[in-house]
Amino acid sequence: MADILRLSPAICAYPDDTYENLKIEVSLPGVEKKNISFKVMEDGFYIKATKEGVEYADSYAVCCPLNPEKATATYSNGVLKVTVPYQQPLENAVDVKIE
C-alpha cells in the first residue's frame, strides 16, 4: 500500500463587497470534482479532497454565523469557489415569553 501525503489545502476566505456573503476559495490542483467533499456549518466549514497519493483535509472556524442551507459552489481548473451567506442579525432569534 502506497503512502498518502496528507496536506492542508490553500484556503482564502473573505467577505464579498457587500459584506453579505463569505467567499471561500480552495486550491485543489489535480483533484477531480467527484473526489471533493465540502461541508459547511453555521460556525465553520470542512474540506476533504483526494487525488493519487495526496489527501487534502482540514476544518476551519468562522467568527460570524453562516447560513449553510444557502451555500453554492463551483469547481473549475483546480479551484473550488464557495459562497455562503452570513446569517442576518436576529435571523434565528427566539421570542422569550415574559411572565
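As a reminder, the structure under discussion sits directly above these lines.
Cut-offs applied
- Residues numbered from 1 in each chain as written.
- Predicted model: local features only at pLDDT ≥ 70, side-chain atom pairs only at ≥ 80, totals over all residues.
- Heavy atoms only, no water.
- Core = buried A, V, L, I, M, F, W, Y, C linked by side-chain atoms within 4.5 Å.
- Buried < 20%, exposed > 50% of the residue type's maximum accessible area, 1.4 Å probe, protein only.
- Contact = heavy atoms within 4.5 Å.
- Salt bridge = Lys/Arg side-chain N within 4 Å of Asp/Glu carboxyl O.
- Phe/Tyr/Trp six-rings, centres within 6.5 Å; stacked < 30°, edge-to-face > 60°.
- Helix = DSSP H or I, 4+ residues; strand = E, 2+ residues; numbered from the N terminus.

A.B. asks: Describe the nonpolar core, with residues and values.
C.D. replies: Ranked by size, the top nonpolar core spans 18 residues in total, and within it Ile24, Leu28, Val31, Ile36 and Leu80 carry the most contacts. Setting aside residues up to four positions removed in sequence, Val31 forms contacts with Ile36, Ala49, Thr50, Lys51, Tyr56 and Tyr75.

A.B. asks: A description of the pattern of salt bridges should follow, citing residues and the corresponding values.
C.D. replies: This model, assessed by the stated rule, comprises three salt bridges. For Glu32, the salt bridge goes to Lys34, with nearest N and O atoms at 3.8 Å. Linking Glu55 and Lys48 is a salt bridge whose minimum nitrogen-to-oxygen distance equals 3.8 Å. Judged by relative accessible area, which is 16%, Glu55 ranks as buried. With relative accessibility at 34%, the residue Lys48 sits in the partly exposed group. If you follow the salt bridges from partner to partner, you end up with Arg6, Lys48 and Glu55 in one network.

A.B. asks: Any chance you could break down the packing of aromatic side chains for me, citing the residues and the numbers?
C.D. replies: With the rule as written, the count across this model stands at two aromatic pairs. Aromatic side chains Phe38 and Phe45 sit 5.5 Å apart centroid to centroid with 25 degrees between the ring planes, which places their arrangement in the stacked category. The class for Phe38 is partly exposed, based on a relative accessible area of 23%. Each ring, one from Phe45 and one from Tyr60, has its centre 5.1 Å from the other, and the planes form 25 degrees; the classification is stacked. Of this pair, Phe45 sits in strand β5 (residues 44-51) while Tyr60 sits in strand β6 (residues 54-61); the two residues are 15 residues apart in sequence, bridging distant segments of the chain. Owing to a relative accessible area of 21%, Tyr60 belongs among the partly exposed residues under this scheme. One aromatic cluster is present, formed by Phe38, Phe45 and Tyr60 through successive ring pairs.

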